[in-house]
Amino acid sequence: MHVNSLEVLIGLEVHVQLTKLKSKLFCPTPADYRKSPPNTHVCPVCLGLPGTLPVVNKKAIEYAIAVAKALNCEISDRLVFVRKHYFYPDLPKNYQISQYIGPGFTAIARNGYVKIFVDRNAKVVRIRRVNIEEDPGRIVYMGSIETSPYSLVDYNRSGVALLEIVTEPDMASPREARAFLEKLMAILEYLGVTDPREEGAFRVDANISFKGFGRVEVKNIGSVKDVEKALTYEIIRQKKIVEQGGSIERETRHWNPDRGVTIPLRSKEYEEDYRYFPDPDLPPLRMNRDFIERVISTLPELPDNRIARFTVQYGLDEYRATVLVLNKWLADFFEDAAKIYNNYKKLADLLITDFLRWINEYELSPENLKVKPLHIVKLLRLWDEGTLSVKMVKEILPQVVKEGIDIEAYVTASGYVKIIDRDYLREIVEEVLRENPKAVQDALSNPKAINYLIGLVMKKTGGKADPQITRELIQKALEKLR
Amino acid sequence: MPVFKLLQEFKADPMKIFDYLDVVYRVIDSVETKVRSFITLVPQDAIFKHVEKLMKEGKERINSMKIFGIPIAVKDVISTKGIRTTCASKMLENYIPPYNATVIEKIVNEGGIVIGKTNMDEFAMGSTTETSAFYPTHNPWDLSRVPGGSSGGSAAALAAGEAPLALGSDTGGSIRNPAAFCGVYGLKPTYGMVSRYGLIAYASSMDQIGPMARNTMDLAILLNVIAGYDPKDSTSLPISARDYVSLLKELMYKEPRLRIGLVKELFENSSESVRSSAYKAVDILCSYHECVPVSLPYSKQLVATYYIIAMAEASSNLARFDGVRYGLKISFENRGWDEVYSDVRTKGFGYEVKKRIALGAYILSIGYRDMYYIRALKFRRILKETFDKIFKSVDAVISPTMPILPPKLGEFFEDPLRMYLADVNTVIANLIGAPAISIPIDFYNGLPVAIQIMSRQLTEEMLLYLSMQLEEKTGFRNIIAEVH
């Protein structure tokens, strides 16, 4: 069997911190720990001091229900927490309060799906389950994990509410994994339950295997881009092993983003026994339908609904609608612009191509853009009127994106438009040359006489023509006459 | 002097608190070396300073306090801010909690004075107070015998006159067993009635803090202080507070006739000496109330079920003791964390604790959990259903508290299974979450014997009522052992 015909199976376990919560999952300590010095953002409960007890943050449950609904999951009517036991220094109680599916307990939600687009093709990734659990603390290494002579523990993060979203192994390529994660992040952003850009708020464990071979888990990847890179790396690494006739052992690996490689953490020859049992400190709660329905009724418009609406309301195809909607701010920008400009397709195209490219190029933060929808609409209008050519639009767009300039005022004030429109200037130049054969003759014999022709073009354009371009165009025209 | 009388005196003249504390500390000075009820004793001058501050509270505030100026001995499993809380373990020998358990907050708020932390079986695992990592406590009625456990220090302190009130905790009988062996009153309340916040967990689904005292009314007074919903404990019952002192007085006035079930298997289990004493209580109660025999066909499974659940939960609850954040410190220098953890837990825990953690981990592991843990849960449910039925036909059930008299120190070490089996009568209440009280009923060859009464959830007032009726007949009220 040739390695390239091997089927790739990718399943993801995504850990999402509910950063928009006011407090941690089981204690009143504020959830936003990031600016605090190590081990100062803690209380007896999240430090696991003897005798302390957890009390569940109800808002976290509401957020979990919202996410589960957005992922098209079946939501459990019982809320049960289990203890997952393992010894590790970042885990204060040496067990994690989590959820699991087993006798007498279940996850908050299961059996959902997410629709993604890859290469303009739609695909469905199934969601196995959604868990709600507490985040452990953090191990801090001196330098890297491999070279650190010792490690330190910071419990500030301990007890922060996490959702664990587990997919079925439905993705067949790193690009699909990336598309899934981008869609997931968009959903979370729409729900307003997390800011996935916060450091450590979005962490992925990726399971990857060739069908029929051992499964490798790459733990704790910190960004969508890194997931794609790590999976790509793993496919190449595993292919090489298979090509050389080796076998792929089941193992857990760590992604080193600096070196761009995965390194073995520990071999996983057997399923670890976490000795799950229902947490006796947290009696099972009935989640009655009214409660669930109430949470669902307050959900904002979700990406899938918005995509559908964009196709109907603006006549966009699903691909364009998806690109817009998955960038929530861009979709908002689009809708603001669409209120005063009705060539929706032209608007969408500009936004999802050059506009988005320059935003990324300049690394502009979508929250405080200087460019407003009106700036883009004015640009499009001048383009529609013929005042600006395609080329000019493309030339001027970077500045509009970066500075948010009012293009109409800019045109009037600087005459920048005519300076750069070569097509327009070429016409003027040809006109001037036709009308002044004498001056043309002079210029052909004496290079300095070209200035007179430039002056004539300037006169015709009200002084707005770019002398440099004008000179260039006249020289070219004269060349042809020689 | 009973607490309700002390309260009247203290409120009339707060200076009397100092006199009383002098008496208490003098008793402690004279008996403590023999009985060893305490692990940590708060020095008298520190207590005096605390009382001086307490006296500065307004008159109105003082009058409203439920235990103004009353010293309390607290089992060393309950977290006390600034007072070390050891669980009688090397693991926590130097651990000083930065927070108070909810019950301690309530006690302080009601004017109570924590005078010390009492000895116990290590992490409440034991029935004799002999598994304490520091020293065993001796039974004040016979120093060669154990005081029972695991709240042995609290019971002994009461019996020896070292404190008028005490707190214990009860997971499978740990309040009632030592109360019985020491001739004092002990109540395990309904699960969820007293907050567990700050109680260092042994088996979370059964642990419950409860009052211990030398008479029934004092028990009711302390219950009033500690009971009530606590938002910090998710297993706490969301019910409004009730006044058990008034309820008790009301029942004593009305004297309703109740139906009482005699659990025949639990009498048959008991030794001859215990049985004959226990029947004295039956005679007293049945001369007024209606008594009927009830049958509990599963006495064999009770102890097994209890220990499986308790050990499983204990193995989880005790996982946090790793020496990183608190407790026994062993250097990490040049050693892996797992090696240090193993060292800390080897040196920090005693034999009985290690045994229960190991068995608990085994019980929960894949391949065995169905055989042990899941089966135990099933039996627990059956037992609950059985008692739901029993409590439809009777108001309370009665049995001996302990099937045996207090054993000699060291006696149970040779036969741990016998120690476990001695819990058969008491574990029921913890498994089903019901309240149960231990009431001293007799002395057999100078050794206390007690009966246990159990009733449906949240009917503590009924237990107090029956206890008070017995107390009036037996006269076992405020008795203190002469320690020789």
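Residues numbered from 1 in each chain as written. Chains lettered and ligands numbered in written order. Predicted model: local features only at pLDDT ≥ 70, side-chain atom pairs only at ≥ 80, totals over all residues.

Details of the overall build of chain B
Step number 1: Check the secondary structure of chain B and you find 18 helices and eleven strands.
Step number 2: The C-alpha atoms of chain B give a radius of gyration of 21 Å, which matches the 23 Å a tight globule of 484 residues would have.
Step number 3: Its C-alpha atoms give chain B principal-axis dimensions of roughly 70 × 55 × 45 Å.
Step number 4: With 484 residues in all, chain B has 58% of them scored as buried.
Step number 5: Once local pairs closer than 6 in sequence are excluded, the contacts in chain B between residues at least 24 apart make up 76%. (Helix = DSSP H or I, 4+ residues; strand = E, 2+ residues; numbered from the N terminus. Rg over C-alpha atoms; globule rule 2.2 N^0.38 Å. Buried ≥ 20, exposed ≤ 12 C-beta atoms within 10 Å, placed from the backbone. Contact = placed C-beta atoms within 7 Å.)

Concerning the overall build of chain A
Step number 1: When helices and strands are tallied, chain A shows 16 helices and 16 strands.
Step number 2: Computed over its C-alpha atoms, the radius of gyration of chain A comes to 30 Å, more than 25% above the 23 Å expected for a compact globule of 482 residues.
Step number 3: Structurally, chain A occupies a C-alpha span of about 100 × 60 × 45 Å along its principal axes.
Step number 4: Considering only intrachain contacts with a sequence separation of at least 6, the fraction spanning at least 24 residues in chain A is 69%.

Remarks on the sheet that holds strand β2 (residues 71–75) of chain B
All names here are of chain B.
Step number 1: Here eleven strands make up an open sheet; going across it, the order is β1-β3-β2-β4-β6-β5-β10-β11-β9-β7-β8 and the pairing mixed. Bordering the open sheet on either side are β1 (38–41) and β8 (290–294), each of which pairs with just one other strand. Looking at each pair of strands side by side, their axes are set apart by 30° on average, direction ignored. (Pairing = 2+ DSSP bridges. Axes fitted to C-alpha atoms, helices over the stretch in contact; angles between N-to-C directions.)

With respect to the domain arrangement of chain A
All names here are of chain A.
Step number 1: The domains assigned to chain A are domain 1 (3–295), domain 2 (301–414) and domain 3 (420–481).
Step number 2: Relative placement of domain 1 and domain 2: their C-alpha centres are 35 Å apart.
Step number 3: With ten residues of domain 1 at the contact, the number on the domain 2 side is seven residues.
Step number 4: At the level of elements, β6 (109–118) and α2 (174–191) are the ones that each hand at least two residues to the side of domain 1 that touches domain 2.
Step number 5: The element best represented in the side of domain 1 that touches domain 2 is α2, accounting for six residues.
Step number 6: A per-class count over the side of domain 1 that touches domain 2 returns five nonpolar, no polar and five charged. (Domains from an automatic or database assignment. Nonpolar A, V, L, I, M, F, W, Y, C, P; charged D, E, K, R; others polar.)

Focus: the environment of Thr387(A)
Residue and element names in this part refer to chain A.
Step number 1: Positionally, threonine 387 belongs in the loop between α9 (373–385) and α10 (390–403).
Step number 2: Classification of threonine 387 by C-beta neighbours within 10 Å gives partly exposed; the count is 16.
Step number 3: Note: C-alpha distance between threonine 387 and aspartate 421 (34 residues apart in sequence) is 9.6 Å.

Section: the nonpolar core
Nonpolar side chains in soluble globular proteins tend to end up buried together.
Step number 1: Ranked by size, the top nonpolar core spans 260 residues in total, and within it Ala64(A), Val67(A), Val130(A), Ala206(A) and Ile72(B) carry the most contacts.
Step number 2: Among all residues touching Ala64(A), those that are not within four sequence positions of it are Ile108(A), Val130(A), Ile132(A) and Leu163(A).
Step number 3: Judged by nonpolar contacts, the second largest core, of twelve residues, contains Val432(A), Ala443(A), Leu453(A) and Ile474(A). (Core = buried A, V, L, I, M, F, W, Y, C linked by C-beta atoms within 7 Å.)

Here's the deal with the packing of helix α12 (residues 299–317) of chain B against helix α15 (residues 370–393) of chain B
Residue and element names in this part refer to chain B.
Step number 1: At a minimum axis separation of 9 Å, α12 and α15 run at an interaxial angle of 125°. Judged by the angle between their axes, α12 and α15 are oblique. Relative to α15, α12 is oriented so that their crossing is left-handed. Residue-level contacts link Gln301, Thr305, Ile308, Ile309 and Ala312 of α12 to Tyr372, Tyr373, Ala376, Phe379 and Arg380 of α15. (Parallel < 35°, antiparallel > 145°, perpendicular 65-115°, else oblique. Left-handed = near helix turned anticlockwise from the far one by under 90°.)

A word on the UniProt feature "active site" (unreviewed entry) in chain B
Residues and elements named next belong to chain B.
Step number 1: According to UniProt, the "active site" (unreviewed entry) feature falls on Lys75, Ser150 and Ser174. Taken along the chain, the residues just named run across 100 residues; in space they keep tight, none of their C-alpha pairs more than 10.7 Å apart.
Step number 2: Relative to the elements of secondary structure, lysine 75 occurs in strand β2.
Step number 3: The exposure class of lysine 75 is buried, given the 34 C-beta atoms found within 10 Å.
Step number 4: With respect to the element layout, serine 174 can be found in the loop between β4 (165–170) and α7 (176–182). (UniProt positions renumbered as here; feature names shortened; annotations may be inferred.)

A closer look at α15(B)
Step number 1: In a regular helix each residue adds 1.5 Å, so 24 residues correspond to 34 Å; α15(B) covers 34 Å between its end C-alpha atoms and thus fits that length.
Step number 2: Regarding α15(B), the residues found buried are Tyr372(B), Tyr373(B), Ala376(B), Leu377(B), Arg380(B), Leu383(B), Phe387(B) and Phe391(B).
Step number 3: Buried residues along α15(B) sit in contact with β15 (277–278) of chain A together with α12, α14 (351–364) and α17 (427–432) of chain B. (Expected span 1.5 Å × (residues − 1).)

A few points about the sheet that holds strand β4 (residues 82–85) of chain A
All names here are of chain A.
Step number 1: Across the sheet, three strands lie side by side as β5-β4-β15; this open sheet has antiparallel pairing. Unpaired on one side and paired on the other, β5 (95–98) and β15 mark the two borders of the sheet.
Step number 2: When β4 meets β5, the two strands line up antiparallel, connected through four bridges. Within β5, the position partnered with lysine 84 by the bridge is glutamine 96.

Re unusual backbone geometry
Residue and element names in this part refer to chain B.
Step number 1: The amide bond that connects glycine 149 to the next residue, serine 150, takes the cis arrangement and shows omega of 5°.
Step number 2: By the element assignment, serine 150 lies in the loop between β3 (113–118) and α6 (152–159).
Step number 3: In this model, leucine 458 sits at a positive phi of 60°, which is unusual for a non-glycine residue.
Step number 4: Inspection of the secondary structure assignment puts leucine 458 in the loop between β11 (447–455) and α18 (460–474).
Step number 5: Exposure remark for leucine 458: the 18 C-beta atoms within 10 Å place this residue in the partly exposed category.
Step number 6: The phi torsion at asparagine 478 lies on the positive side, around 60°, for a residue other than glycine.
Step number 7: Note on placement: asparagine 478 falls in the segment after α18.
Step number 8: Accessibility expressed as a C-beta count within 10 Å gives 18 for asparagine 478, which makes it partly exposed.

Observations concerning the pairing of strand β7 (residues 259–263) of chain B
Residues and elements named next belong to chain B.
Step number 1: When you tally the buried positions in β7, you get four out of five residues, the bulk of the element.
Step number 2: Strand direction decides the pairing type here: β7 and β8, joined by five bridges, are parallel. What sits directly across from isoleucine 260, in β8, is cysteine 291.
Step number 3: Relative to strand β9 (residues 396–400), β7 runs parallel, the two being bridged by three bridges. Paired with isoleucine 260 across the two strands is alanine 396, which belongs to β9.

As for the packing of helix α2 (residues 16–35) of chain B against helix α3 (residues 44–55) of chain B
Residues and elements named next belong to chain B.
Step number 1: Where α2 meets α3, the axes come as close as 11 Å, and the angle between the chain directions of the two elements is 160°. When the interaxial angle is binned, α2 and α3 end up roughly antiparallel. Judged by the twist between their axes, the crossing of α2 over α3 is right-handed. Of the residues in α3, those touching α2 at Ile17, Phe18, Leu21 and Tyr25 are Gln44, Ile47, Phe48 and Val51.
Step number 2: The class makeup of the residues in the contact of α2 with α3 is seven nonpolar, one polar and no charged.

Considerations on the environment of Gly367(B)
Step number 1: With respect to the helices, strands and loops of the structure, Gly367(B) is situated in the loop between α14 and α15.
Step number 2: Note: C-alpha distance between Gly367(B) and Ile113(B) (254 residues apart in sequence) is 50 Å.

Some words on the pairing of β11(B)
All names here are of chain B.
Step number 1: Of all the nine residues making up β11, eight are buried; the element is thus mostly covered by neighbouring parts of the structure.
Step number 2: Looking at chain direction, β9 and β11 are connected through five bridges and run antiparallel. Bridge pairing links isoleucine 398 to isoleucine 453 in β11.
Step number 3: Where strand β10 (residues 436–444) lies against β11, eight bridges are found, and the strand directions are antiparallel. When the sheet's bridge partners are listed, proline 440 is paired in β11 with alanine 450.
Step number 4: Linking β10 back to β11 in an antiparallel pair, the connection comprises two residues, with asparagine 445 at a positive phi of about 50°.

Structural notes on the UniProt feature "domain: Amidase" (unreviewed entry) in chain B
Step number 1: Per the UniProt entry, the sites bearing "domain: Amidase" (unreviewed entry) are residues 24–464 of chain B in this numbering.
Step number 2: Secondary structure content for residues 24–464 of chain B is 41% helix and 15% strand, while the C-alpha to C-alpha distance between its ends is 26 Å.

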